[in-house]
Amino acid sequence: MIVIDTVNEQMYELILNMILNRDLKPGERINLKEIARKNNVSLMPIRNALQRLTAQGLVETRQRVGVFVKHYSDPELRQIGELRKLYELYCLQEYVDNINKSELMELYQQIDGMDPKERAMLLLDERLHSVIVESSKNQFLIRQYLEMQNLFRIHMYSENDNASTSKREHLALISAIYKGNYRSAYIILEQHLNRTIEMYEE
């Protein structure tokens, strides 16, 4: 028997991935009935998923019109990137000694051996940045970062992102942290985040 919460979670992940993969594009109307029909579920788990995505800032409801994927302007995407930069640079500067070196090397090997354009690379990208924030061991800070995670994904998963450059930067960042070159690591992370911010016009 399928548990309702499991169906809710499945529909949430499905619609989230449709947005991140741009199967549902910014500004596009979401057809609830079509998604329900294709996945053989009722409308309720679709609505529950959309409520959750609305709270996270990924979709919006327009009265008497429908539910739409939220469109962020370039200046707004810059601001999202700047917020991410604030979290990550602070954590790297203050808590770098807490970072698990074994996990870092595992990430290095996984990133090094993967085609930068593979979907799985984005998950490794996310994990690396999360490791930096989690090093703070500050549950309030980590919770706030995770609550913003989907907006950071919208920023990170842009079609404009240069996957090969990101891969090189991630490997250099991990190497610098592992070797204890913390000043270099800070500069690499700052330049990496600045590059992703500068993709968007002010």
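Draft legend 1. Inspection of the overall build of the chain at higher detail. If you tally the helices and strands in the chain, you get ten helices and two strands. Shown N-terminal to C-terminal, the secondary structure of the chain runs as helices and strands in the order α-α-α-β-β-α-α-α-α-α-α-α. Taking 2.2 N^0.38 as the reference for a compact globule, 202 residues should give roughly 17 Å; the C-alpha atoms of the chain span a radius of gyration of 18 Å, in line with that estimate. Taking all 202 residues of the chain together, the buried fraction comes to 43%. Put simply, of all contacts in the chain between residues at least 6 apart along the chain, 74% involve residues at least 24 apart. Accessible surface for the chain amounts to roughly 11,400 Å². Of this, 48% is attributable to carbon and sulfur atoms. The distance from the centre of the 26 positive side-chain charges to the centre of the 29 negative ones in the chain is 4 Å.

Draft legend 2. Molecular detail of the pattern of salt bridges. The full count for this structure, using the stated rule, is ten salt bridges. Across the salt bridge formed by Glu103 and Arg127, the nearest N and O atoms sit 2.9 Å from each other. With Glu103 in helix α5 (residues 101-112) and Arg127 in helix α6 (residues 119-134), this pair connects stretches of sequence that are 24 residues apart. Between Glu169 and Arg195 there is a salt bridge; the shortest N-O distance is 2.9 Å. Within this pair, whereas Glu169 is found in helix α9 (residues 163-178), its partner Arg195 is found in helix α10 (residues 182-198), the two being separated by 26 residues in sequence. Comparing Glu169 with Arg195, the two get one shared label, buried. Shared partners join several salt bridges into a network, and the residues in it are Glu34, Arg37 and Lys38.

Draft legend 3. Main features of the packing of aromatic side chains. With the rule as written, the count across this model stands at four aromatic pairs. Between the aromatic rings of Tyr87 and Tyr145, the centroid separation amounts to 5.5 Å while the plane-to-plane angle is 80°, which identifies the pairing as edge-to-face. Residue Tyr87 is located in helix α4 (residues 74-95), and its partner Tyr145 is located in helix α7 (residues 139-147); the two are separated by 58 residues in the primary sequence. A relative accessible area of 3% means that Tyr145 is categorised as buried. Judged by centre distance (6.0 Å) and plane angle (80°), the rings of Tyr90 and Tyr95 are edge-to-face. Three or more aromatic residues joined by ring pairs make a cluster, and in this case those are Tyr87, Tyr145 and Phe152. Taking the ring centre of Tyr72 as reference, the NZ or CZ of Lys70 above it sits at 5.3 Å.

Draft legend 4. Summary view of the environment of Met105. With respect to the helices and strands, the residue Met105 is situated in helix α5. By relative accessible area, Met105 is classed as partly exposed at 25%.

Draft legend 5. The arrangement of the packing of α4 against α7 in detail. One way to put it is that α4 packs onto α7 with a least axis distance of 11 Å and a crossing angle of 145°. Taken as a pair, α4 and α7 cross one another with a handedness that is left-handed. Residues Tyr87, Glu88, Tyr90 and Cys91 of α4 form the contact with α7, whose participating residues are Leu141, Gln144 and Tyr145. Looking at the contact of α4 with α7, its residues break down into five nonpolar, one polar and one charged.

Basis of the calculations
Residues numbered from 1 in each chain as written. Predicted model: local features only at pLDDT ≥ 70, side-chain atom pairs only at ≥ 80, totals over all residues. Heavy atoms only, no water. Helix = DSSP H or I, 4+ residues; strand = E, 2+ residues; numbered from the N terminus. Rg over C-alpha atoms; globule rule 2.2 N^0.38 Å. Buried < 20%, exposed > 50% of the residue type's maximum accessible area, 1.4 Å probe, protein only. Contact = heavy atoms within 4.5 Å. Areas by Shrake-Rupley, 256 points an atom, 1.4 Å probe, with all protein chains shown as cover. Lys, Arg positive; Asp, Glu negative; His and termini not counted. Charge placed at Lys NZ, Arg CZ, Asp CG, Glu CD. Salt bridge = Lys/Arg side-chain N within 4 Å of Asp/Glu carboxyl O. Phe/Tyr/Trp six-rings, centres within 6.5 Å; stacked < 30°, edge-to-face > 60°. Lys NZ or Arg CZ within 6 Å of the ring centre and 35° of its normal. Axes fitted to C-alpha atoms, helices over the stretch in contact; angles between N-to-C directions. Left-handed = near helix turned anticlockwise from the far one by under 90°. Nonpolar A, V, L, I, M, F, W, Y, C, P; charged D, E, K, R; others polar.

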